[in-house]
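If you want the building blocks of each chain, they are given just below.
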Amino acid sequence: MAQSMQMNDSAPLGMLWFDQLEWRAGEAPHAAAWQGEGWYGGDYDKAWVRSEGESQSGATTDARAELFWDHALTRWWNLEVGARQDFGADPARTWAALGVRGLAPQGFAVEATVYAGAAARTAARLKVEYELLFTQRLGLQPEIEMNFYGRADPARDQGAGLADFEVGLRLRYEVRREFAPYAGIVWARHYGASGDFPATAAVDSNEVRVAVGLRVWL
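A. Geometry of the overall build of the protein chain. A tally of helices and strands in the protein chain yields zero helices and 13 strands. Ordered by position from N to C terminus, the α and β elements of the protein chain give β-β-β-β-β-β-β-β-β-β-β-β-β. Taking all 218 residues of the protein chain together, the buried fraction comes to 37%. Residue pairs in contact within the protein chain that sit at least 24 positions apart in sequence constitute 44% of those at least 6 positions apart. Accessible area of the protein chain: about 11100 Å², with a carbon and sulfur share of 64%.

The structure is reproduced here in structure tokens:
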């Protein structure tokens with residue numbers, strides 16, 4: 001998780017990076033996936049954008065984009081207020097968003113966000129990642145992401161409660177600070193539903209895929 005810790009709010013700066021630009025292969029259909037974010041502003045207030053998603057056969061299957069006003073609460077924690085847009089193969093959804101982002105003890109990078117949408121929809125997202133450096137160039141990045149929904153959304157095959165849980169483990173080598181190829185494994189569990197959703201019990205699915213990709217700073 002890239003961050004700027006200088007305290008000079010008089011000079012706006014900006015950064016854009018893709019933490020993940022990768023190809024995923026396994027028993028599930030092969031897919032291209034991305035996870036990127038960027039910001040512009042000072043040390044206390046920034047405009048922050050982030051996006052993640054997956055594409056199969058050249059078509060986006062599931063993705064989200066978020067735009068925030070980001071305000072520093074302390075040296076390590078920021079408040080985020082903004083909006084999120086879901087898009088892809090399923091119907092689009094728009095959400096208002098409120099969250100916090102920062103570094104927890106022991107260096108864990110945390111993003112925790114709650115959402116409110118139309119038709120009394122609510123959601124929450126929690127992401128935790130860690131950087132384990134073996135050398136100045138070689139590092140291991142574990143990552144966990146969970147998404148929750150307050151009510152069922154049959155059009156998107158989502159039940160109430162925990163909708164998906166993803167664990168990633170990526171071994172990265174920094175050719176330069178701004179350019180780092182990596183390889184890893186991604187395990188995801190999805191909590192969907194059978195054809196007569198939501199009357200029947202939820203159907204769980206597990207996916208294990210190998211990932212190869214690049215982390216790029218611009």
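B. Summary view of the packing of aromatic side chains. Per the counting criterion, the structure on display carries six aromatic pairs. Their ring planes at 35° and their centres at 4.8 Å tell us that Phe-108 and Tyr-130 sit as a pair that is tilted. Of this pair, Phe-108 sits in strand β7 (residues 108-117) while Tyr-130 sits in the loop between β8 (122-129) and β9 (132-133), and the two are 22 residues apart along the sequence. With a relative accessible area of 35%, Phe-108 lands in the partly exposed category. Centroid distance Phe-165 to Trp-187: 5.8 Å. Interplanar angle 70°. Geometry classified as edge-to-face.

C. Structural view of the pairing of strand β3 (residues 45-56). Relative to β3, strand β2 (residues 31-41) runs antiparallel, the two being bridged by ten bridges. What sits directly across from Ala-33, in β3, is Glu-54. Taken together, β2 and the strand that follows it, β3, pair antiparallel across an intervening segment of three residues. Hairpin connection from β3 to strand β4 (residues 59-72): two residues lie between these consecutive antiparallel strands, with Ser-57 at a positive phi of about 55°.

About the thresholds
- Residues numbered from 1 in each chain as written.
- Predicted model: local features only at pLDDT ≥ 70, side-chain atom pairs only at ≥ 80, totals over all residues.
- Heavy atoms only, no water.
- Helix = DSSP H or I, 4+ residues; strand = E, 2+ residues; numbered from the N terminus.
- Buried < 20%, exposed > 50% of the residue type's maximum accessible area, 1.4 Å probe, protein only.
- Contact = heavy atoms within 4.5 Å.
- Areas by Shrake-Rupley, 256 points an atom, 1.4 Å probe, with all protein chains shown as cover.
- Phe/Tyr/Trp six-rings, centres within 6.5 Å; stacked < 30°, edge-to-face > 60°.
- Pairing = 2+ DSSP bridges.

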